[in-house]
Amino acid sequence: QVQLVESGGGLVQAGGSLRLACVGSGSTLSPYYMGWFRQAPGKEREFVAIIDWPGANTYYQESVKGRFTISRDNAKNTVYLQMNSLTLEDTALYSCATARIWSTLPQRYFNWGQGTQVTVSS
């Protein structure tokens, strides 16, 4: 099984940027679609972005389109989420996971990482 570890979160001012990384170990990530999700306090886990292999196809939640970019580097067994123009509503715990089906539904994903906290301040 694949183990995923997210990093890159932190505290940033509104309008700032962060790049999250999701590093796989135990096995290559190449067989899987990779998704980023987020969960804010009091809310359910929410789809953010998905990418296929070799990264030709991506899909984003409407609220992050034009601001976030998902990418993957198979040589590093890593998936990234570049987040620009951050707003207070982007504050959440961001997690990555694998899927064998192209889907925005979290129940289709497995091998969840522990998450990395993104906090946007005013």
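Note: the structure precedes this text.
Residues numbered from 1 in each chain as written. Predicted model: local features only at pLDDT ≥ 70, side-chain atom pairs only at ≥ 80, totals over all residues. Heavy atoms only, no water.

Caption draft 1: A look at the state of the cysteines. Throughout the structure, instances matching the rule amount to one disulfide. The residue that forms a disulfide with C22 is C96, at a sulfur-sulfur distance of 1.9 Å. When the S-S torsion is 75 degrees, as for the bridge of C22 with C96, the disulfide is right-handed. Residue C22 is located in strand β3 (residues 18-25), and its partner C96 is located in strand β9 (residues 92-99); the two are separated by 74 residues in the primary sequence. (Disulfide = S-S within 2.5 Å. Helix = DSSP H or I, 4+ residues; strand = E, 2+ residues; numbered from the N terminus.)

Caption draft 2: Spatial organisation of unusual backbone geometry. At the junction of W53 and P54, the peptide bond is cis and its omega measures out at 10 degrees in the coordinates. The residue P54 is located in the loop between β5 (46-51) and β6 (58-60) in this model. Here S85, not a glycine, exhibits a phi torsion of approximately 50 degrees, which is positive. Within the secondary structure, S85 sits in the loop between β8 (78-83) and β9. Phi at N111 takes a positive value of approximately 55 degrees, unusual for a residue other than glycine. When you line up the elements, N111 lands in the loop between β10 (109-110) and β11 (116-121).

Caption draft 3: Summary view of the nonpolar core. Ranked by size, the top nonpolar core spans 26 residues in total, and within it W36, L81, M83 and Y94 carry the most contacts. Secondary-structure elements contributing two or more residues to this core are β3, β4 (33-39), β5, β7 (68-73), β8, β9 and β11. The next biggest cluster of nonpolar side chains, apart from the first, holds six residues, and it includes F37, F47, A99 and Y109. (Core = buried A, V, L, I, M, F, W, Y, C linked by side-chain atoms within 4.5 Å. Buried < 20%, exposed > 50% of the residue type's maximum accessible area, 1.4 Å probe, protein only.)

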